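Remarks on the overall topology
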Amino acid sequence: MIYSHEVETMCPVAQGVAHGAAPIPEEAKWVKAKEIKDISGFTHGIGWCAPQQGTCKLTLNVKEGVIQEALVETIGCSGMTHSAAMAAEILPGRTILEALNTDLVCDAINTAMRELFLQIVYGRSQSAFSEGGLVVGAGLEDLGKGLRSQIGTTYGTLAKGPRYLELTDGYITGIALDADDQIIGYKFINFGKMMDFIKAGDDANTAFEKAQGQYGRVADAVKIVDPRKE
């Protein structure tokens, strides 16, 4: 250790009481974190790239400082899908400090890692007060039974009004309009269910029909509009 001349000539003064770090909540315990292995938690973080062209939702399950589970969801940029695949390979097995200083290819994912790191090390994790934390595999629960990201895509113009394209229910196949051309419901197809039906042996047309649904007052609609064509 190298000290400046000014420090070397100072007389020593005792620091006195050293109570240590303030404890943070981790998996129903209060922990005074001193090392990476002292950190555990399950939480989410959101990130964005410099031009704000795309965004990433990152979910990590950290046990004793090591990432055990990673869920990477991206939207808005075609290149991010490849980056997401790389991040899912890179992150598990790394400590959160390693992950913070790893190039995850996409700025949006890097930013999400930074935001998520802050939540975990400050004890703001989703599992802060859950005894034992959340099991590895809890990240998949965010996706639901169809194992698909929860997507909401809508579009609108002043000239032609709104279009529902995809919502949590699924891919929108038709929007129901009343006599005033206002949306009162929609028809959709759940791609996750459709693929499950196909894997179970149904042909594509049968699976397509079985995976359809509707929401709202579709039965009262004056007309049904295809949001992608009309």
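Everything numeric in this text was worked out from a predicted model, so none of it was measured.

This part is about a nonpolar patch on the surface. A cluster of nonpolar side chains, namely Met1, Tyr3, Val7 and Met10, defines an oily patch on the protein surface of about 520 Å² accessible area. For valine 7, the position within the fold is in helix α1 (residues 5-8). The exposure class of valine 7 is partly exposed, given its relative accessible area of 39%.

Considering all chains together, one arrives at five aromatic pairs under this definition. Taken together, a centroid distance of 6.4 Å and an interplanar angle of 70° make the contact between tryptophan 30 and phenylalanine 129 edge-to-face. Taken together, the residues span a long stretch of sequence, with tryptophan 30 in strand β2 (residues 29-31) and phenylalanine 129 in the loop between α4 (107-121) and β6 (153-157) at a distance of 99 residues. The two residues tryptophan 30 and phenylalanine 129 agree in class, both being exposed. Here a set of aromatic residues connected by ring pairs shows up, and it is made of Tyr164, Tyr186, Phe188 and Tyr215.

In this structure, glycine 93 sits in the loop between α2 (78-90) and α3 (96-100). Under the relative-accessibility criterion, glycine 93 is labelled exposed at 55%. Taking the C-alpha atoms as reference, glycine 93 lies 18 Å from serine 83; in sequence the two are ten residues apart. In this structure, glycine 93 is in contact with Val66, Ile67 and Glu98, ignoring residues within four places of it in sequence.

So, on to the pattern of salt bridges. Scanning the model with the defined rule gives ten salt bridges in all. Two residues, lysine 37 and aspartate 38, come together in a salt bridge whose shortest N-O distance is 3.9 Å. Between aspartate 196 and lysine 199 there is a salt bridge, with the nearest N and O atoms lying 3.6 Å from each other. Remark: lysine 199 and aspartate 196 occur in helix α5 (residues 191-199); sequence separation between them is three residues, near one turn of the helix. Judged by relative accessible area, which is 66%, lysine 199 ranks as exposed.

Below, the discussion takes up the pairing of strand β7 (residues 161-167). The side chains of a regular strand alternate, residue by residue, between the two faces of the sheet. Summarising the sheet, β6 and β7 pair through five bridges and their orientation is antiparallel. Looking across to β7, one finds that threonine 153 is bridged to glutamate 166. What sits between β6 and β7 in their antiparallel hairpin is a turn of three residues. In this antiparallel pair of consecutive strands, β7 and strand β8 (residues 170-177), the connection spans two residues.

With that settled, consider unusual backbone geometry. We note that glutamate 27 has phi near 50°; this positive angle belongs to a residue other than glycine. Inspection of the secondary structure puts glutamate 27 in the loop between β1 (24-26) and β2. Of the residues examined, glutamate 27 reaches a relative accessible area of 10% and is grouped as buried. Positioned with a positive phi, valine 105 is a non-glycine residue whose angle comes to about 75°. A relative accessible area of 45% means that valine 105 is categorised as partly exposed.

Rules behind the numbers
- Along each chain, the written sequence defines residue order, and numbers are assigned to residues from 1.
- Local features are withheld for residues below a pLDDT of 70 in this predicted model, meaning they are given only at 70 or higher, and side-chain atom pairs are given and counted only at 80 or more; totals for whole chains, interfaces and linings count all residues.
- No hydrogens and no water enter the side-chain calculation; it runs on all heavy atoms of the structure.
- Distance thresholds for patches are 9 Å for like charges and 5 Å for nonpolar side chains (Val, Leu, Ile, Met, Phe, Trp, Tyr), applied to residues having over 30% relative accessible area and no salt bridge.
- For accessible areas, the Shrake-Rupley method is used with a probe of radius 1.4 Å. Any residue's cover is judged against the shown protein chains and nothing else.
- Any Lys or Arg side-chain nitrogen found within 4 Å of a carboxyl oxygen on Asp or Glu counts as a salt bridge.
- Secondary structure follows DSSP: runs of H or I at least 4 residues long count as helices, runs of E at least 2 residues long count as strands, and numbering of each begins at the N terminus.
- Classification of residues uses two cut-offs on accessible area relative to the type maximum, computed with a 1.4 Å probe and protein chains only: under 20% is buried, over 50% is exposed, and between them is partly exposed.
- Centres within 6.5 Å are what make two rings of Phe, Tyr or Trp a pair, Trp counting through its six-membered ring; a difference in plane orientation under 30 degrees is then read as stacked, over 60 as edge-to-face, and the rest as tilted.
- By the convention used here, residues are in contact when the closest approach between their heavy atoms is within 4.5 Å.
- Criterion used throughout: strands pair if DSSP finds at least two bridges between them.

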